[in-house]
Structures are given as structure tokens and as C-alpha cells.
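Here's the letter readout for the chains.
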Amino acid sequence: MYHINDHKTSKVLLMVSSIYHNGVPINTMWDSGSDVTVITHSMAKRLGLIGKDVQMTITKVGNVVESCMSKEYTIPLVDQQGKIWKIKAYGLDEITSNVYEVDANELSRILQVNPMLLVRPVGKVDMLIGSDCCQLLPKVIKTVGSLQLLENQFGYCVRGSMGTGTKRRGDSACVRVNHILFDVSTRKIEVSKLPDLKVSLDNVFGNDTDYDDIPCFCRRSIPDEWTLKETRELKLIEQGLTFDEVNRVWVVKYPWIKNPANLPNNCASAVARMKATEKRLLSRGSEHCKLYQNQIDEMIAGGIARKITRAERVSYTGPVHYIHHHEVMKPNSQSTPMRIVFDSSASYRGHQLNAYWAKGPDILNSLLGVLLRMRQEKVVVMGDISRMYHTIRLDEKDQHTHRFIWRDFNVLEFPEHYIMTRVTFGDRPSGIIATLALRHTAEKYASEYPAAAKMIMRNTYVDDMVQSVNSEEKATELIKEAEHILASGGFVVKHWVTSANNHNFAGIKLLETETEKVLGMSWDIKSDQFYYCQDKLFP
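Residues numbered from 1 in each chain as written. Predicted model: local features only at pLDDT ≥ 70, side-chain atom pairs only at ≥ 80, totals over all residues. Heavy atoms only, no water.

Quick question: what am I supposed to make of the overall build of the protein chain here?
Regarding its fold elements, the protein chain presents 12 helices and 30 strands. Across the protein chain, every contact between residues at least 6 apart in sequence was considered, and the portion connecting residues at least 24 apart equals 71%. Total accessible area on the protein chain is roughly 27300 Å²; 51% of this is exposed by carbon and sulfur atoms. (Helix = DSSP H or I, 4+ residues; strand = E, 2+ residues; numbered from the N terminus. Contact = heavy atoms within 4.5 Å. Areas by Shrake-Rupley, 256 points an atom, 1.4 Å probe, with all protein chains shown as cover.)

And the structure:
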């Protein structure tokens, strides 16, 4: 099926770009040589897609034929003009080897275009779109030597060769998909008797239904369905989570499943990566640099990170590891158009920091359950928890395995060393740690403020709290109780949004807006409708 050249020797850049579904980036390869579109099962699961069972026949290189069961998925993709394209894709465990980083500045110099147009995804390819979606395949708009700039409904990409004399940060995997044949046949499906199905649906959606009693339908909502490994990992994570009564903050010891003493000190690699990031930011102008520096300064001012002295570095004898950082642009965000992310999955001498930690089971509330309860009463309140992950403090050992390098764009100065003092987004167990801390905080007040505690425990999805009540008075009371509970655990609500007509909420930080992002969607508050709106990646 695939012919893969060694990425260390390949000079070819294939057409890859990022496209979005419900705000989730999908690393996509465009290949006119494939007669079908395929997606990894892991990405389909992340997108919440429900596939249809199909029998798949694959013809590989050498005319080797294999048959296996797969899934047929339908994926709605929103292009840059807001148009929805529904494409059909078949599931595979893996599509290609990883795509490696390429110097966008070098590409922009050759093609004489803005480097922001040439940002290529790196890492695992999640989806390959073939000739069955020929209307979406990128078209050539510029050719310079062996390089071509292409554009389609989702943005820009590049293909061709950069030449042997061009310096690059990495090499892209060269992958050729020869042919895939699909003999589609559905498995035998067991169908419930119609009367039984009707009774079940009437029980759930009848006029007298109390949506608070609807269970979370997530596969992991029943502990008996967790694997033994997941159960043990959850116990390990909970054992490391404690509450500091004096400082009123949660403190966590990360769930190490490998000895952190085996981590190599990757300081030299971190310095090199910092210089590369610095060079890229400087090449994009002073405004770009200012946004990045502001993010660093805010982390330090908020106690999320701190500078460490040479004496502290020398005296500390525990395990040390540095995490690389880079920017992610959010053009549609007025408050944070740029966000710094830390890469705990970066590999150094075969070691990945994320591989040293347990992940635990999926304990998120059911998105369906949260949405149904949001629609139950006439007044909706929604709260956005500010920096939820950064609310939990790291244990000292975990701080020193979260060091990073920076020098405030003072290119003539030696880099400074910093450590993260709070849980970092991107760490393998960070999501479950933050969720457990939030729920344990609410559990303490379950008897004193039952409605607010229930909202936090049952109607929170990541950092969004959503609840519906039958009056503005109850909405005000619920908000004040929830803020009191959250403050006791160190959590802060960024702002609240309500569908009430009379915004008479004294003493509450209420956001006056016509639309708000909630549960991955945009909510038109006045019309009380939901819609999807893709962030614009390029101007």
C-alpha cells in the first residue's frame, strides 16, 4: 500500500496542511494518486465520529492483497469561506510515517510569499484526501524551480523539492499511496424490536423527563468498563493529588510509571530549539515578538513559571528535563491572538516526557448529557474557568522536569532558565488531574450548595460550566454559589454569560456579548441557536 522513503535522505515535500473539524486540527495529506480518502481511527475517535462497519480489501506494493474490517466515516469539514464539505473516509490504524518540520522562512524566501501562508503541520498524518474528492485537491498557483505553491478551499500548501543546497530543520517523509480497493459490505446488525425501541425513546424524551436523571453516555462513565490498567492509573493519579489548606491550592505529584532518573538532561537541545524559535519569531516582525514576550511575562507575573538561578540549578540533584515551547496563532481571538504551548511529547535520545506518565481513564462528562441539561430550563448560564490547568501547583520534582529556556529576545545575552510551577496543558495526565481537582473541590460543598456543586461535577466539560434554571433569581444564586465553591479550590471564573433578557446580575462578572463559544460551538444568545465557525488560519 505504501512506499516510504527514509526521511533522513528524502528531499521531496508532499502536500500537507491542517484543516479543521469542530475546532480540532487534522493533519491532512493531499494525494491525487489515491482513489479513496482515509482517516486514522484515533483521529475519528477524537472527532467523535460514528462509523459504519465495512469489509476492506487493500492492495499493497507487489500486488499483495489483504482483507480486514474497517469503518466508513462521514466527516463535515468547514472551509475558509464557511462552506461545509461532507466527505467519506475509511479508517486505518496509520496512514504514513511522520511529517517532519521544514523551515517556513526558507520556503517563503524561495517562493517570495508570506511565511504565515507556509506553516506546515508536523508529526502524524491524520487524514489523506484522494481523487474521490478531486474538487478539494489543491491547485498550483505559483512555481519556482522545483517548488510549487498550491491553494484550495482550506488554504495553502507546498510540494516539490527544496534542492540539495537548502538548509532545513527536518525532512518530510515521502509517501506514495499506490492503490486501495474497497469491497464494502456491512456486518450483520442486531435490530431491536420496534415497540421496545419506541418505549425506550419515550422514556427518555417524554414530556415528563427530568434531564438531570439522564446518565452520562460516555463509554467510560461506568467504572466497571475501565480496564484494570486505567483503574490503577486513576488511583495513582488521585494519590498524588493533595490540597494545601494553608495556601488554598491543589498540589500534584505526577503519576510516574517510569523512573524519572532515566530522563536525559536535554538542556543543549532546549537551547538550540529556543534559538530556532527566537529566529523564526524575529523574522515575522516586532508585533509577533511582542505577543510572544507578553505571554512569557504573564506566566511569570501569574506565578505559572519562574526564573531559577545558577545556584539553584547546581544545588538541585533530582531529575531534570527541559520542554520546548512554540506559538500557536489564534487570529479570531481578541484576548489571546497568540498562545504559547509546551511540547511534552518531543523526543530526545529516544525519550519522551509524556511516555513517563500514566494517563488514566476518560472521566469527562458526556457532551450529550451536558447539552441536554443545558436545554432543560429557560434561563441558561455559562461560566468559563480561567487557566483551569494552571490552577494546580506542581510538586518540586515535577517542576524541574518542566524547565524551559528563554532570553526575552536579547540575542546577545545568555539564555535564562525557567521552571513551570503549574500543571501544563499538553502533559499526558494534565486533563484528568485538572478535572479531578475541580470535582473534589465541588464534593466538599455538595451538602451546603447542592445545586452549584452538582453543576460543577456534572455539567462541566473541560473548562466550560453550563446549566439551565427556571428564573433569573435562581441563575444569580447559582452563579454566586459556584464562584464561592471554585474560589475555595483556587479556581477563578473568567466570565459568565446568560441568556436572560434582564441582565440584572449585581456583583457578577457578566460578559455582554451576542455570541459566545460553548462546548466547541458558537452560541447565538439572542436567537438561542448553535452553529460552527472555523477559526481563520490565514488572512
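The discussion continues.
What should I look at first to understand the nonpolar core in this one?
Soluble globular proteins tend to bury their nonpolar side chains together. Counting 73 residues, the largest nonpolar core has Ile-392, Phe-404, Trp-406, Phe-491 and Trp-496 as its most contacted members. With seven residues, the top contributor of residues to this core is helix H10 (residues 430–443). Once you skip the residues sitting within four places of it in the chain, Trp-496 turns out to touch Met-382, Gly-383, Met-455, Met-465, Ile-479, Ala-482, Glu-483, Ile-508, Lys-509, Leu-510 and Leu-511. Of all hydrophobic cores here, the second largest spans 24 residues; its members include Leu-49, Tyr-73, Cys-133 and Cys-157. (Core = buried A, V, L, I, M, F, W, Y, C linked by side-chain atoms within 4.5 Å. Buried < 20%, exposed > 50% of the residue type's maximum accessible area, 1.4 Å probe, protein only.)

Looking at this structure, I do not really get the packing of helix H4 (residues 228–239) against H10. What am I missing?
When two helices pack together, their arrangement is captured by the angle between the axes and the distance separating the axes. Where H4 contacts H10, the axes come no closer than 10 Å and their chain directions differ by 65°. Remark: the crossing between H4 and H10 carries right-handed chirality. For the pair formed by H4 and H10, the contact residues are Leu-234, Ile-237 and Glu-238 on the first element and Ile-432, Ile-433, Leu-436 and His-440 on the second. Residue composition of the contact of H4 with H10, grouped by class: five nonpolar, one polar and one charged. (Axes fitted to C-alpha atoms, helices over the stretch in contact; angles between N-to-C directions. Left-handed = near helix turned anticlockwise from the far one by under 90°. Nonpolar A, V, L, I, M, F, W, Y, C, P; charged D, E, K, R; others polar.)

How should the pattern of salt bridges be read in this particular structure?
Side chains carrying opposite charge are able to pair once their charged atoms draw close together. One pass over the full model with this rule turns up 11 salt bridges. Of the charged contacts in the structure, one is a salt bridge between Glu-72 and Lys-52, with a shortest N-O distance of 3.5 Å. Of this pair, Glu-72 sits in strand E7 (residues 64–78) while Lys-52 sits in strand E6 (residues 52–60), placing them 20 residues apart in sequence. Note on Glu-72: relative accessible area 12%, which makes it buried. Here Arg-109 and Glu-106 are joined by a salt bridge, their closest N and O atoms 2.7 Å apart. Of this pair, Arg-109 and Glu-106 both sit in helix H2 (residues 104–111), three residues apart, which is roughly one turn of the helix. One network of salt bridges, in which partners are shared, links Arg-280, Arg-284 and Glu-327. (Salt bridge = Lys/Arg side-chain N within 4 Å of Asp/Glu carboxyl O.)

Looking at this structure, how should I read the pairing of strand E11 (residues 147–152)?
Taken residue by residue, a regular strand's side chains alternate between the two faces of the sheet. Two strands pair when backbone bridges link them, and strand E10 (residues 139–144) and E11 are joined in this way by five bridges, in the antiparallel orientation. If you follow Lys-142 over to E11, its bridge partner there is Leu-149. Where E10 hands over to E11, the hairpin turn is made up of two residues, of which Gly-145 adopts a positive phi near 60°. Sheet topology places E11 next to strand E12 (residues 155–161); six bridges connect them, and they run antiparallel. By the bridge assignment for E12, Leu-147 is matched with Gly-160. Between E11 and E12, which pair antiparallel one after the other, the connecting turn spans two residues. (Pairing = 2+ DSSP bridges.)

How should I be thinking about the environment of Gly-130 in this particular structure?
Within the element layout of this structure, Gly-130 appears in the loop between strand E9 (127–129) and E10. Its relative accessible area of 0% is what places Gly-130 among the buried residues. As for Gly-130 and Val-36, which are separated by 94 residues in sequence, their C-alpha atoms are 5.2 Å apart.

Honestly, the sheet that holds strand E29 (residues 521–524) in this entry has me stumped. Any pointers?
Backbone-to-backbone hydrogen bonds join strands into a sheet, with any given pair of strands oriented parallel or antiparallel. Across the sheet, which stays open at both edges, the three strands sit in the order E28-E29-E30 with antiparallel pairing between neighbours. Both edges of this open sheet fall to strand E28 (515–518) and strand E30 (529–531), since each of them pairs with a single strand only. On average, adjacent strands in this sheet sit at an angle of 30° to one another, irrespective of strand direction. Note that E28 and E29 share four bridges and pair antiparallel. Residue pairing across strands places Val-518 opposite Met-521, the latter belonging to E29.

What's the story with a negative patch on the surface in this structure? I'm lost.
A cluster of acidic residues, Asp-297, Asp-408, Glu-413 and Glu-416, forms a negative patch on the protein surface. Structurally, Glu-416 is set in strand E24 (residues 416–420). (Patch = residues over 30% accessible without salt bridge, like charges linked within 9 Å, V, L, I, M, F, W, Y side chains within 5 Å. Lys, Arg positive; Asp, Glu negative; His and termini not counted. Charge placed at Lys NZ, Arg CZ, Asp CG, Glu CD.)

Help me out: how do you make sense of the environment of Met-116 in this one?
Following the sequence through the fold, Met-116 ends up in the loop between H2 and E9. The class of Met-116 is partly exposed, set by a relative accessible area of 22%. A sequence separation of 168 residues divides Met-116 from Arg-284, and the C-alpha atoms of the two residues are 8.4 Å apart.

Just checking my understanding: could you explain the side chain of Asp-384 for this structure?
Turning to its location among the elements, Asp-384 is positioned in strand E21 (residues 379–386). Among buried Asp, Glu, Lys and Arg side chains, Asp-384 stands out as unpaired, with Lys-494 the closest opposite charge at 4.7 Å. Ignoring sequence-local partners within four residues, the contact set of Asp-384 consists of Asp-463, Asp-464, Val-492, Val-493, Lys-494 and His-495.

How should a nonpolar patch on the surface be read in this particular structure?
A contiguous nonpolar surface patch, about 320 Å² in accessible area, is contributed by Leu-282, Val-411 and Leu-412. By the element assignment, Leu-412 lies in the loop between strand E23 (403–406) and E24.

Sorry if this is basic, but what is going on with the confidence of the model for the protein chain here?
A low pLDDT means the predicted coordinates there should not be read in detail. Taken residue by residue, the protein chain gives an average pLDDT of 82. The fraction at 70 or more is 81%. Mean pLDDT across the elements of the protein chain ranges from a minimum in strand E1 (residues 2–5), with 40, to a maximum in strand E22 (residues 393–394), with 97. Ignoring residues within four places in sequence, the model shows residues 1–10, a span with pLDDT below 50, making 34 contacts including any to other chains. In this model, residues 185–194 is a region of pLDDT below 50 whose contacts with residues beyond four sequence positions or in other chains number seven contacts. (pLDDT = per-residue confidence, 0-100.)

How should I be thinking about the pairing of E12 in this particular structure?
Here strand E2 (residues 12–13) pairs with E12 via two bridges, running antiparallel. From the neighbouring strand, Leu-13 faces E12, where its bridge partner is Gly-160.

Where do I start with the sheet that holds strand E15 (residues 249–252) in this structure?
In space, the three strands of this open sheet follow the order E14-E15-E22, with mixed pairing throughout. Edge strands, defined here as strands with exactly one partner in the open sheet, are strand E14 (241–244) and E22. Here E15 pairs with E22 via two bridges, running parallel. In the strand pairing of E22, Val-252 is matched with Leu-394.

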